Amino acid sequence: MIVLKFGGTSVGNAENIKKVATIVNDSKEAKIVVLSAVSGTTNTLIQINNYIYTDQKDKVNNIIDELQQSYHQLIDELFCSDFYQLKALTFINNQFDKLRGHANNTPNNEKIILAQGEIIATHLFQFYQAELGHQSSLISALDFMSIDVNDEPDTNAIKTKLAVTLSKDNKSDTFITQGFICLNNKGEIDNLKRGGSDYSASLIGAAVGAKEIQIWTDIDGMHNNDPRFVENTFSLDEISFDEAAELAYFGAKILHPQSIIPAQKNNIPVLLKNTFNPKQKGTIIKNCSETENVRAIAAKDGIVAIKIKSYRMLMAYGFLKNIFEVFEKYQTAIDMITTSEIAVSLTIDNPKHLNKIIEELNLIGKVEHDTEMSIVCLAGNFSQSGKGISASVINCLKDIPIRMISYGGSNFNMSLLVATNDKAKALNLLNEGLFVNNKLQEV
Ligand code: ADP
Ligand code: ASP
Ligand code: MG
């Protein structure tokens, strides 16, 4: 069994959906196809929720009408036969009637509304497969994908429920399901957060013990740097699970931050491929040795840096424990941490409880914080063979103020905290210094 996940752009219009079908049908293995929503749909559904909260009923209805129209056009372009045109139209109109119902109901239907994108994409794809004459079965992610009370995937339940779901159908060896959506511990519709379809694919791959998880997207694999901010990036043939996990967590948008973990735990290779250039090799993520120096760079925005200076002017026993307890209390993860004798600096990416956290930290020490910061993460091999790498990195960034440096936490990562305003410059300078001019050789 293999898992193939296609992202929003890959199912973004009729022409692209046809490409996805070719890729799916060319592969002769038994497979589970995981689909995202058509690109733009989840953003529109978020906009609908925003209008609902701000009680702008006209805007809610207009935007739903526009979205429905866009699906009418997609259906017109995707299906050849009257039979499937009508089937798809009936489904879409019915689905949009339900959406209007959810939008105009008083209870909080936010997550149900957000789930519609993936539900629509998978149904349309299955109708298209049927029109092509390919046997496939649509399985609902809501029958097996679940998160627990801490919003973490319930891997045992997913495995058991998915096995039951698959066993109900012995006619098909192509299953189609939704990425992103799940049920929470109260049995309500929920999701795995933005970009979560990658995570769904990895969790499904782990649950069925897949031979390979393929993530099909709009770029030919993991690049050595963020192509949205840096020119002349290139795709990597292979990277290790640890490197991929660091890059995903620290902002490489091609992968959801947690998506590598289930595959890594089960040692299932993850292949990143380009839907629009399927002949390109892509990037394989597997158990392989890390490169001898920097493999790739990523950056994560929205970071808050917090400095706590001990009132006792000494790194007193229990000082760190007291600090960590505050973050634990507010369920806020710490990304980077550095210490001196008298102070601790750390970063968080979730500012939801920032005011309360600062209030409580003020009882422990003097607190300062900076917002609009970015973590620049370098993944590679920073063990002893990496002599000189850190010097090269700092040298590249000599004109940029660095707020924090984290090095040595693992052999695979070096992280630097810079102002978000300096992020693009930092990524470009590092690219030039480490990859284009290869300054590593000179140090
Ligand atoms: P999908 O909709 O298929 O999930 P995403 O937009 O989530 O696709 O992810 C693909 C995008 O990730 C690329 O188009 C690219 O702009 C961005 N990206 C950011 N960092 C990297 C990187 N290191 N390598 C490849 N792509 C990256
Ligand atoms: N449709 C969801 C999003 O836009 C999930 C995904 O695309 O992976 O975030
Ligand atoms: Mg994505």
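The shown structure was predicted, so the numbers you read here are calculated from the model rather than taken from an experiment.

Draft legend 1. Geometry of the overall build of the protein. Within the protein one finds 13 helices and 16 strands. In terms of overall size, the protein behaves like a compact globule, its C-alpha atoms giving a radius of gyration of 24 Å where 443 residues would be expected to give roughly 22 Å. Considering the protein as a whole, with its 443 residues, one finds that 52% of them fall into the buried category. Taking the contacts inside the protein whose residues are at least 6 apart along the sequence as the reference set, 75% of them involve residues at least 24 apart. A total of about 20500 Å² of accessible surface is found on the protein, and carbon and sulfur atoms cover 48% of it. Charge-centre separation for the protein: the mean point of 42 positive side chains lies 2 Å from the mean point of 51 negative side chains.

Draft legend 2. Summary view of the site of ligand 1. Inspection of the region around ligand 1 gives 16 residues, with Lys5, Thr217, Asp218, His223 and Lys253 positioned closest. Within the backbone of glycine 8, a nitrogen or oxygen atom sits 3.1 Å from an oxygen atom of ligand 1. Within the contact set of ligand 1, a nitrogen atom lies 2.8 Å away from a backbone nitrogen or oxygen of histidine 223. For ligand 1, the protein covers 87% of the area, taking 570 Å² as the surface of the free molecule. Residues that form the shell around ligand 1 fall into these classes: five nonpolar, six polar and five charged.

Draft legend 3. Layout of the packing of helix 12 (residues 389-396) against helix 13 (residues 423-436). The contact between helix 12 and helix 13 brings their axes to 9 Å, and the two run at 135 degrees. Taken together, the axes of helix 12 and helix 13 lie oblique to each other. The two elements helix 12 and helix 13 meet at a crossing, and its hand is right-handed. Across the interface between the two elements, Ser392, Val393 and Cys396 from helix 12 touch Leu429, Leu430, Gly433 and Leu434 from helix 13.

Draft legend 4. Geometry of the pairing of strand 12 (residues 334-339). Sheet topology note: the strand 12/strand 13 (residues 343-348) ladder contains four bridges and is antiparallel. In the strand pairing of strand 13, threonine 338 is matched with serine 345.

Draft legend 5. Spotlight on the site of ligand 2. All residues in the neighbourhood of ligand 2 are listed as Ser36, Ala37, Thr42, Glu118, Phe180, Arg194, Gly195, Gly196 and Ser197. Between threonine 42 and ligand 2, the recorded distance is 2.8 Å, taken from a side-chain N or O atom to a nitrogen atom. One nitrogen or oxygen atom from the main chain of glycine 196 is found 3.4 Å from an oxygen atom belonging to ligand 2. Across the complex, the protein chains shield 87% of the 260 Å² of accessible surface that ligand 2 would expose by itself. For the shell around ligand 2, a count of residues per class yields two nonpolar, five polar and two charged.

Draft legend 6. Looking closely at helix 3 (residues 57-78). Spanning 22 residues, helix 3 covers 32 Å between terminal C-alpha atoms, matching the ideal 32 Å at 1.5 Å per step. If you check which residues of helix 3 are buried, you get Val60, Ile63, Ile64, Leu67, Gln68, Tyr71, Leu74, Ile75 and Leu78. Burial along helix 3 is one-sided: seen end-on, the buried residues are contained in an arc of 140 degrees. Those residues of helix 3 that are exposed and aimed more than 90 degrees away from the buried face are Asp58, Glu66 and Asp76. In the core, the buried residues of helix 3 are packed alongside helix 1 (14-26), helix 2 (41-53), helix 4 (82-104) and helix 5 (110-132).

Thresholds applied
- Residues numbered from 1 in each chain as written.
- Chains lettered and ligands numbered in written order.
- Predicted model: local features only at pLDDT ≥ 70, side-chain atom pairs only at ≥ 80, totals over all residues.
- Heavy atoms only, no water.
- Helix = DSSP H or I, 4+ residues; strand = E, 2+ residues; numbered from the N terminus.
- Rg over C-alpha atoms; globule rule 2.2 N^0.38 Å.
- Buried < 20%, exposed > 50% of the residue type's maximum accessible area, 1.4 Å probe, protein only.
- Contact = heavy atoms within 4.5 Å.
- Areas by Shrake-Rupley, 256 points an atom, 1.4 Å probe, with all protein chains shown as cover.
- Lys, Arg positive; Asp, Glu negative; His and termini not counted.
- Charge placed at Lys NZ, Arg CZ, Asp CG, Glu CD.
- Near = heavy atom within 4 Å.
- Polar contact = N/O pair within 3.5 Å; in protein donor to acceptor, adjacent residues only side chain to side chain.
- Nonpolar A, V, L, I, M, F, W, Y, C, P; charged D, E, K, R; others polar.
- Axes fitted to C-alpha atoms, helices over the stretch in contact; angles between N-to-C directions.
- Parallel < 35°, antiparallel > 145°, perpendicular 65-115°, else oblique.
- Left-handed = near helix turned anticlockwise from the far one by under 90°.
- Pairing = 2+ DSSP bridges.
- Expected span 1.5 Å × (residues − 1).
- Arc of directions from axis to C-beta.

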